[in-house]
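Fold and contact review
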Amino acid sequence: MFIQMYKERYMRFPEGKEKALTFSYDDGVKADKRLVELFNKYALKGTFNLNSDLFDIEGEWHGHMGEEESFRTFAQSGQEVALHGARHIFMTRVPLHMAAKEVSDNRAYMESKYNRIVNGMAYAYGDFNDDIVNVLRSLGVVYARTTKSTHTFEIPKDWLRLNPTCHHTEDCFSALADKFLGGKPSDSVKAREPWLFYVWGHSFEFDDNNNWDLMENFARRAGGRADIWYATNGEIYDYVKCYESLVFSYDGESVYNPSHADVWLEIRGKVYKIPAGGKLSFDK
C-alpha cells in the first residue's frame, strides 16, 4: 500500500458500492411512458425533466403529453420529476426577470401538482450563463444538468453546472458502458474515487431512430447488479452532500455524521458505514 493511502479516504455509495448509475430525460413526451416502463422493468432509476406550460398544446411537439397523462405517468413511477422551465425557452435570450419567472412558475406548479419538493433541473437547450445560475440558486434549485458531456465517471463538483457523462446517441456510449460495467474504481492503485455513470437524452429519439433496443440492451446488462447503486439525480445529489457534511477529528481517525442519512466511506482498503447522527473510529 502506498504510504499516502494511509490517510486518504474515498466516498462509497450506499452499502459500500463503488459505482452509481443515473439517467436524465427531458420534455415529458409520450415516449417517456415506455422509458419509465423499461426503467422499472430493470430496476433502474432516473429523472424526468418537465415543462409545466406545454401540456395539451396544439399540434405535435415530439408527442408532448397532456397534463393528466403526464401526472399518471410519473406520480407513482418511482422515478424523479424535475424542472425544465415552464415553456422550454432559451433563458439567456430574455430579460433576467422573465428567466426567473420561467423557473419559479415551473417549480411552483410541479410542487403543487406532485406534492413533493422539486428542486432539481435540466437547462432547456442546455442554455444558461452565470446570471441564470445565480437565479436558480436564489430560487432554491440545487442542481441543474447541462448538455455538455464529460465522457468520464467523475462525481460533479458544480451541481448548478452539472455535466453528464454522455448522451445515449454519442458514439462513445457503448464503450463507456463497457468500461463502467466491466471495471471498478478499486481496480486502480491510485485513482479510487467512486464512479457515476450519468446518461441523458430524450425518449422520442428512440422512436425517431427506431432504436429502442439500444436502451433495452443496456438496461438488461446494467440492471439488477449488486455492485451498482441505482438512483435518481436528486438522490445522488443528496447523498453526496451528506458525505461532504462529515466531520473528521484532527488526526483523521474518527468521524461524525451530522446528516439525516447513513454514509459509507473507504479508508485503508476497508469500507465503513457511518450512521446518520453517529460517530465512529477507524481501525488502525
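Residues numbered from 1 in each chain as written. Predicted model: local features only at pLDDT ≥ 70, side-chain atom pairs only at ≥ 80, totals over all residues. Heavy atoms only, no water.

A general trend in soluble globular proteins is that nonpolar side chains are found buried together. Counting residues in hydrophobic clusters, the biggest one holds 53 residues, and the most contacted among them are Leu 21, Phe 197 and Phe 218. Sequence-distant contacts of Leu 21, that is, excluding residues within four places in its chain, are made with Leu 44, Lys 45, Phe 180, Phe 197, Phe 218, Ala 222, Ile 228, Trp 229, Tyr 230 and Ala 231. In terms of nonpolar packing, the next biggest core, distinct from the first, is built from 29 residues, Met 11, Phe 13, Ile 155 and Tyr 272 among them. (Core = buried A, V, L, I, M, F, W, Y, C linked by side-chain atoms within 4.5 Å. Buried < 20%, exposed > 50% of the residue type's maximum accessible area, 1.4 Å probe, protein only. Contact = heavy atoms within 4.5 Å.)

To continue, consider the sheet that holds strand S13 (residues 270-274). Read across the sheet, three strands follow the order S1-S12-S13 without closing on themselves; strand pairing throughout is antiparallel. The open sheet has two free edges, formed respectively by strand S1 (9-12) and S13, since each of these has just one partner strand. For this sheet the average axis-to-axis angle between neighbouring strands, irrespective of direction, equals 30°. Where strand S12 (residues 263-267) lies against S13, five bridges are found, and the strand directions are antiparallel. Note that in S13 the partner of Trp 264 across the bridge is Lys 273. (Pairing = 2+ DSSP bridges. Helix = DSSP H or I, 4+ residues; strand = E, 2+ residues; numbered from the N terminus. Axes fitted to C-alpha atoms, helices over the stretch in contact; angles between N-to-C directions.)

A few words now on the pairing of S12. Most of S12 sits inside the fold, with five of its five residues counted as buried. From the end of S12 to the start of S13, which pair antiparallel, there are two residues, and Arg 268 there has a positive phi angle of about 50°.

What follows concerns the packing of aromatic side chains. Under the definition given, this model contains 24 aromatic pairs. Plain terms: the ring middles of Phe 153 and Phe 197 are 5.4 Å apart, the flat faces sit at 70° to each other, and that makes the pair edge-to-face. Taken together, the residues Phe 153 in the loop between strand S6 (143-145) and strand S7 (166-167) and Phe 197 in strand S8 (residues 195-201) connect sequence positions 44 residues apart. Residue class for Phe 153 comes out buried when judged on its relative accessible area of 6%. Ring centres of Tyr 272 and Phe 282 lie 5.0 Å apart, and the angle between their planes is 70°; on these two criteria the pair is classed as edge-to-face. Linking Tyr 272 in strand S13 with Phe 282 in the segment after strand S14 (279-281), this pair joins segments that are ten residues apart in sequence. Each member of the pair, Tyr 272 as well as Phe 282, carries the same accessibility label: buried. Seen from the ring of Phe 248, Arg 9 lies directly overhead, with NZ or CZ sitting 4.5 Å from the centre. (Phe/Tyr/Trp six-rings, centres within 6.5 Å; stacked < 30°, edge-to-face > 60°. Lys NZ or Arg CZ within 6 Å of the ring centre and 35° of its normal.)

The subject of this paragraph is the packing of helix H5 (residues 173-182) against helix H7 (residues 212-222). Axis separation between H5 and H7 bottoms out at 11 Å; the angle between their running directions is 10°. For the element pair H5 / H7, the angle class is roughly parallel. Mapping the contact onto sequence places Phe 173, Ala 177, Asp 178 and Leu 181 in H5 and Leu 214, Phe 218, Arg 221 and Ala 222 in H7. Taken together, the residues of the contact of H5 with H7 sort by class into six nonpolar, no polar and two charged. (Parallel < 35°, antiparallel > 145°, perpendicular 65-115°, else oblique. Nonpolar A, V, L, I, M, F, W, Y, C, P; charged D, E, K, R; others polar.)

As a further point, take helix H2 (residues 67-74). Among all positions of H2, only Glu 69, Ser 70, Thr 73 and Phe 74 are buried. All buried residues of H2 lie within an arc of 115° about the axis, which places them on one face of the element. Against helix H1 (31-41), strand S3 (46-50), strand S4 (80-83) and helix H3 (96-114) lie the buried residues of H2. (Arc of directions from axis to C-beta.)

Below, the discussion takes up the packing of H1 against H2. At a closest axis distance of 10 Å, the pairing of H1 and H2 adopts a crossing angle of 5°. The angle between the axes of H1 and H2 places the two elements in the roughly parallel class. Side by side, H1 and H2 meet where Asp 32, Lys 33 and Val 36 of the first sit next to Glu 69, Thr 73 and Phe 74 of the second. Of the residues assigned to the contact of H1 with H2, the class counts are two nonpolar, one polar and three charged.

Nothing here speaks to function; it is geometry throughout.
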